[in-house]
Amino acid sequence: FFGLIFSQEISSVPEFPTDSDQIEIVFDATKSVGKGVSLNNYTGDLYAHTGVITSKSSGSWKNVIGNWGENNVQPKLFHIGSGLYKLVIGNPRVFYNGSGNSTLATDENILKMMFVFRTPNGSQQTEDLSIEIFETGIKIKLLVPTSFPIFPEISQTIKIKFVVNEADTVRLFVDDNFILESTNDTLETTIPTSEIGKKWIKLVATSDTLPTKIDSFYYFVRSPITITELPQGIETGINYIDNSTVTLAIYAPHKDFIYLTGDFNNWEFAPSDNPNWEFDEKYYMNLTPDSTTFWKTISNLNVEQEYRFQYLVDGTLQIADPYADKILEGEDNQIPSNIYPNLISYPSDKTNFSVSTFQTEQTPFNWEVTNFDRPKKENLVIYEMLVRDFVSTHSYQTIIDTLDYIDSLGITALELMPIMEFEFNNSWGYNTSFYFAPDKYYGTKNDLKQLIDECHKRGIAVIFDIVLNHMYGRSPFVRLYSSGDYGPPTSENPWFNVTSPNQVFSFGHDLNHESEQTRKLVDRVNKYWLEEYNIDGYRFDFTKGMTNTPGDGGSFDQARINILKRMANKIWEYDSTAYVILEHFAPDSEEKILANSGMMLWGNLNHNYNEATMGYNENFKSDFSRISYKKHGFTKPNVVGYMESHDEERLMYKNLTFGNSSGNYKIKDVSTALQRIKMAATFFFTVPGPKMIWQFGELGYDVSIDFNGRVGEKPIRWNYFTEVNRLNLYKTFKHLINLKNNYDVFNTNNFSIATGGSVKRIKLTHDSLNVVVVGNFNTVTSNISPSFHFLGKWYDYFSGDTIVVSNPAAMISLDAGEFHIYTSKKLPTPKEDIITNISNSSNSTDISEFQLYQNYPNPFNPTTTIRYNIPVVEANFASTTNVTLKVFDILGSEIKTLVNEIKQPGNYEIKFDASKLTSGVYFYRLQTGSFIETKKFLLLK
């Protein structure tokens, strides 16, 4: 049975190679669609990831040469000009035999040589390409049709083209009826389709001296599609009619037909090797008169049963419903049952690609808060969270259990990094593939709704981080019109640009925001989550890219302003108080227009605050005055300022790694570094306007953003909350947020900010209260004039002390890292001595000397984490000193070597797994050069 898909991208000499021939493979990059990124204009080096499919490999690759990306092992192609590349394989049985730790059996036939051609770093690659290997004797190759299955409509014709080798005569049959005979090497004809149903084309090649060869394939003649209007009230996606009926609709202009396949018809599908398949008109979709939308009503469904399904487009393309609220993927089996109980399985034995679901008579979620009063946007305190890296269960339910922690801090809005269905399980979420389905890796859709409801009970708004600039290749919006299984989009695509106008900052596949269909999609997405999930607004990712204006967003762009204002106004038409926050980073002149129209703009001051906390002030780099919306030229407090975000390096990490020093004042000391974060926070929360903090910033999280790769999982450090120095930082944040939430002066429009030097000042004026904030970000004692509003008594907020001002121009002396909030009226003093009482914690991470810290947790079962420091002061350490970390039992016998290698200066941690050990006392020892330190830990099972 014939199943070859012929590709013009790749060809071979000889045209009918056997497994004993020398074969020259020619790849035409100018005809390559590639996987994700086209190779059309590529002229650099290419490598072959290659293996074979054999009579014993069950259709899978085997005997693969080397591993992906091994340029010294995998064969390199020769560029022969004009986009053509050549690879010579001397003898397939010899070339592939033994590779991949597999030997070809003597009775094992090579059926195909398989290839993926890739760039040296693998960033660009082809789809799977193949060269068929023929047995000796008569050979037949089908050139047309180029792919299977095929579904001609009645009265159409089918073009057939075969090439044969070493045959005297070829005969063509349709359903065993003789059609024609030829003695040429090429047989080419057309077959009329006069009746509906399945048909069988067979080619018989004969020779006087060689055995007869037969190849064949099926095609399916379908009836004319039914043209009829979409029923009233039906929109694209899944429409529930009653408890046993749904109407499915999909917008797909330029497509010939769509067939429904799923649990409701036992996944009837037409692969080229399925002679038993029949075309059931019951699942053959109707088409609207304007030829844009296919639809079908399915009745007699089982009440409350969850059905899995796909659209089969033009007989070859399998896609999920882009509007489905639940998507199944092959990696779903990695989601624990306690995160998503009773998750219906992905039908891997029935299909591939993304699968959508529907279910009638679902129990609606019972919202307890139906009239949530949103906090005022101009004074929001937002907590940005990545569920995956906040709780080890990566579960909405566990987040609910920790809301008291966030609520106690005084947070007024929780911003979740993208939770819409993204590619794979472990992700930041910016590789969105489905806009209407929450990703199952964090829990069920009702878990998400419960989290939102619980936030609202506490007065906390919920903001969704959402990606409307781009999507990735699994999206049906991409795949419906793409140059490969996963893109890039073709010019027919109604939602996407073929290539992004933003060449430097470009991600995934770029949505065309000037397209009518994209505008409709954007509006529907924005309305959906506000109405269905009761969220309170959005942080829109990379809005600078939401334009077709060429360039990378550095210049004023009126077209982009129009796009964003249209989108925001549409949101406010159906939800007038919804938050609209843009990650924009365009010129102030443009952002000012957007801010004055009611949108909020992200204000990244990470670098400036971090220069200040590290004790550097070169060229005013530590001037964070743009935390003030006034410095942007805005008339409204619509800058969401932040010192840290998911995208920025952590303040504490840089304090500990690069902090400045003077004498005994060392910012690399953890206590001092934490004190610097307190000072920065004081100059952060007191500035009027909305603010955002990144998760665990309130505890001085000190793991680099690049740990385990930039978007990789990070250690979850809830143990910080038990360390007194870090707990004091949390309390400092809490009291500062309390000031911001409860005193009008911190929302005043009468304020000034002077942060250009090392010694900084903020001055706030309001009828109810006046405030002066001063702080010394230098590493030595410095002087400043607070410039008090009036003479007389002022009160130090953190200490509760009273000072009497007799000279408004008087200078005061501040030690390095010293800061104060002075108020014109006495405010309740924080009960805890959280600023001046800095204990010498055993968890200090001063990296001016070697340190080995106590493991955490201790006692433990079965794993624990060990942390140690390598000092920066020994400049040649990385190339001269070997670090060893070993574990011993109580008798001194070595249990395991955890580390034995050269290390760069910095902070390190390693997880020790003791699951195979018995309970008892053990020791771990760090040794490097003359430094040796041993600590004890306890395993309890």
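Structure's up top.
Residues numbered from 1 in each chain as written. Predicted model: local features only at pLDDT ≥ 70, side-chain atom pairs only at ≥ 80, totals over all residues. Heavy atoms only, no water.

Enquirer: Help me get a handle on the overall build of the chain, residues and values and all.
Expert: Counting its regular elements, the chain contains 14 helices and 50 strands. Projected onto the principal axes, the alpha-carbon positions of the chain cover approximately 115 × 70 × 55 Å. Among the 941 residues that make up the chain, the fraction classed as buried is 57%. Put simply, 69% of the contacts in the chain that link residues at least 6 apart link residues at least 24 apart. For the chain, the distance from the average site of its 83 positive side-chain charges to the average site of its 110 negative ones is 6 Å. (Helix = DSSP H or I, 4+ residues; strand = E, 2+ residues; numbered from the N terminus. Buried < 20%, exposed > 50% of the residue type's maximum accessible area, 1.4 Å probe, protein only. Contact = heavy atoms within 4.5 Å. Lys, Arg positive; Asp, Glu negative; His and termini not counted. Charge placed at Lys NZ, Arg CZ, Asp CG, Glu CD.)

Enquirer: Hey, could you go over the nonpolar core for me, with residue numbers and the actual values?
Expert: In this structure, Tyr 311, Tyr 383, Ile 406, Phe 464 and Trp 529 are the most contacted members of the largest nonpolar core, which totals 160 residues. Sort the elements by how many residues they give to this core and helix α12 (residues 670–685) lands first, with 10 residues. Here Ile 406 is in contact with Tyr 383, Met 385, Phe 390, Ile 411, Leu 414 and Ile 460, once residues within four sequence places are set aside. If you look at the next biggest cluster of nonpolar residues, it comprises 24 residues, including Ala 29, Val 52, Tyr 96 and Ile 110. (Core = buried A, V, L, I, M, F, W, Y, C linked by side-chain atoms within 4.5 Å.)

Enquirer: Can you break down helix α9 (residues 588–596) residue by residue, with the values?
Expert: Considered for burial, the residues of α9 that qualify are Glu 590, Glu 591, Leu 594 and Ala 595. End-on view of α9: buried residues confined to an arc of 135 degrees, all on one side of the axis. Its buried side turned inward, α9 meets α8 (558–574), β30 (579–582) and β31 (600–604). Of the residues one or two after α9, Gly 598 is the one with positive phi, at around 115 degrees. (Arc of directions from axis to C-beta.)

Enquirer: Quick one: what's the story with the sheet that holds strand β8 (residues 139–144), residue by residue and with numbers?
Expert: Strands sit in the order β8-β9-β12 across an open sheet of three strands; the sheet is antiparallel. Where the open sheet ends on each side, the last strands, each with one partner, are β8 and β12 (186–192). Averaged over all pairs of adjacent strands, the angle between their axes in this sheet comes to 25 degrees, without regard to strand direction. Here strand β9 (residues 157–165) pairs with β12 via seven bridges, running antiparallel. Counterpart to Ile 158 in the pairing with β12 is Ile 191. (Pairing = 2+ DSSP bridges. Axes fitted to C-alpha atoms, helices over the stretch in contact; angles between N-to-C directions.)

Enquirer: Describe the pattern of salt bridges, with residues and values.
Expert: Within this structure, the stated rule accounts for 45 salt bridges. Its salt-bridge partner being Arg 524, residue Glu 235 comes within 3.5 Å of it at the nearest N-O pair. Of this pair, Glu 235 sits in the loop between β14 (213–221) and β15 (237–242) while Arg 524 sits in helix α7 (residues 516–532), and the two are 289 residues apart along the sequence. Between Lys 326 and Glu 306 there is a salt bridge, with the nearest N and O atoms lying 2.8 Å from each other. Residue Lys 326 is located in the loop between β21 (317–319) and β22 (327–328), and its partner Glu 306 is located in strand β20 (residues 306–313); the two are separated by 20 residues in the primary sequence. Like Lys 326, the residue Glu 306 is buried in the burial classification. One continuous salt-bridge network, built from bridges that share partners, spans Asp 702, Arg 717, Glu 723, Arg 726, Arg 867 and Glu 909. (Salt bridge = Lys/Arg side-chain N within 4 Å of Asp/Glu carboxyl O.)

Enquirer: So what about the sheet that holds strand β1 (residues 10–13)? Which residues, and what values?
Expert: Ordered in space as β1-β2-β5-β4, the four strands form an open sheet in which the pairing is antiparallel. The two strands at the open ends of the sheet, each matched to only one other strand, are β1 and β4 (78–81). Across the sheet, the axes of successive neighbouring strands diverge by a mean angle of 30 degrees, strand direction being ignored.

Enquirer: Lay out unusual backbone geometry in plain terms, naming residues and giving numbers.
Expert: Of note, the amide linkage connecting Val 13 to Pro 14 takes the cis form, showing an omega dihedral of 5 degrees. Structurally, Pro 14 is set in the loop between β1 and β2 (23–28). At the junction of Asn 861 and Pro 862, the peptide bond is cis and its omega measures out at -5 degrees in the coordinates. With respect to the helices and strands, Pro 862 occurs in the loop between β44 (851–852) and β45 (863–870).

Enquirer: Help me get a handle on the packing of α12 against helix α13 (residues 724–742), residues and values and all.
Expert: Axis separation between α12 and α13 bottoms out at 10 Å; the angle between their running directions is 5 degrees. In terms of their interaxial angle, α12 and α13 are classed as roughly parallel. Residue-level contacts link Val 670, Ser 671, Leu 674, Ile 677, Lys 678, Ala 681, Thr 682 and Phe 685 of α12 to Asn 725, Arg 726, Asn 728, Leu 729, Thr 732, Phe 733, Leu 736, Ile 737 and Lys 740 of α13. Partitioning the contact of α12 with α13 into residue classes produces nine nonpolar, five polar and three charged. (Parallel < 35°, antiparallel > 145°, perpendicular 65-115°, else oblique. Nonpolar A, V, L, I, M, F, W, Y, C, P; charged D, E, K, R; others polar.)

Enquirer: Requested: an account of the side chain of Thr 543, with residues and values cited.
Expert: Position of Thr 543 among the secondary structure elements: in the loop between β29 (537–540) and α8. A relative accessible area of 0% places Thr 543 in the buried class. Among the polar contacts made by the side chain of Thr 543, one reaches the side chain of His 584 at a distance of 2.7 Å. Here Thr 543 is in contact with Arg 560, Leu 564, Leu 582, Glu 583 and His 584, once residues within four sequence places are set aside. (Polar contact = N/O pair within 3.5 Å; in protein donor to acceptor, adjacent residues only side chain to side chain.)

Enquirer: Can you lay out the pairing of strand β3 (residues 47–54) for me, pointing to particular residues and giving the numbers?
Expert: For β3, the buried fraction is high: eight of the eight residues fall into the buried class. Here β3 shows two buried faces, one formed by Tyr 47, His 49, Gly 51 and Ile 53 and the other by Ala 48, Thr 50, Val 52 and Thr 54. Pairing of β3 with strand β6 (residues 110–118) involves eight bridges; the strand directions are antiparallel. The partner of His 49 across the bridge, within β6, is Val 116.

Enquirer: How would you explain the layout of surface pockets if you had to name every residue and give the values?
Expert: Approximately 910 Å³ is the volume found for the second largest pocket. Sorting the residues of the lining of the second largest pocket by element identifies β15, β23 (355–359), α5 (445–457) and α7 as the ones contributing at least two each. For the lining of the second largest pocket, the leading source of residues is β15, giving four residues. Of the residues contributing to the lining of the second largest pocket, the split by class is 12 nonpolar, 11 polar and 10 charged. (1 Å grid on protein atoms, 1.4 Å probe; cavity = no way out; pocket = protein on both sides within 12 Å on 5 of 7 lines; lining within 4 Å. Points joined across faces, edges and corners; volume = space filled by probe spheres on them.)

Enquirer: Explain the packing of helix α11 (residues 651–658) against α12 to me, using residue names and the numbers behind them.
Expert: In helix packing, the relevant descriptors are the interaxial angle and the interaxial distance, both defined with respect to the helix axes. Two elements in contact, α11 and α12, have axes separated by 10 Å at closest approach and are oriented at 135 degrees. Relative to α12, the element α11 lies oblique. Once α11 is placed against α12, the crossing between them reads as right-handed. Where α11 approaches α12, its residues Leu 651, Met 652, Asn 655 and Leu 656 are matched on the opposing element by Val 670, Ala 673, Leu 674, Arg 676 and Ile 677. For the contact of α11 with α12, the residue count by class is seven nonpolar, one polar and one charged. (Left-handed = near helix turned anticlockwise from the far one by under 90°.)

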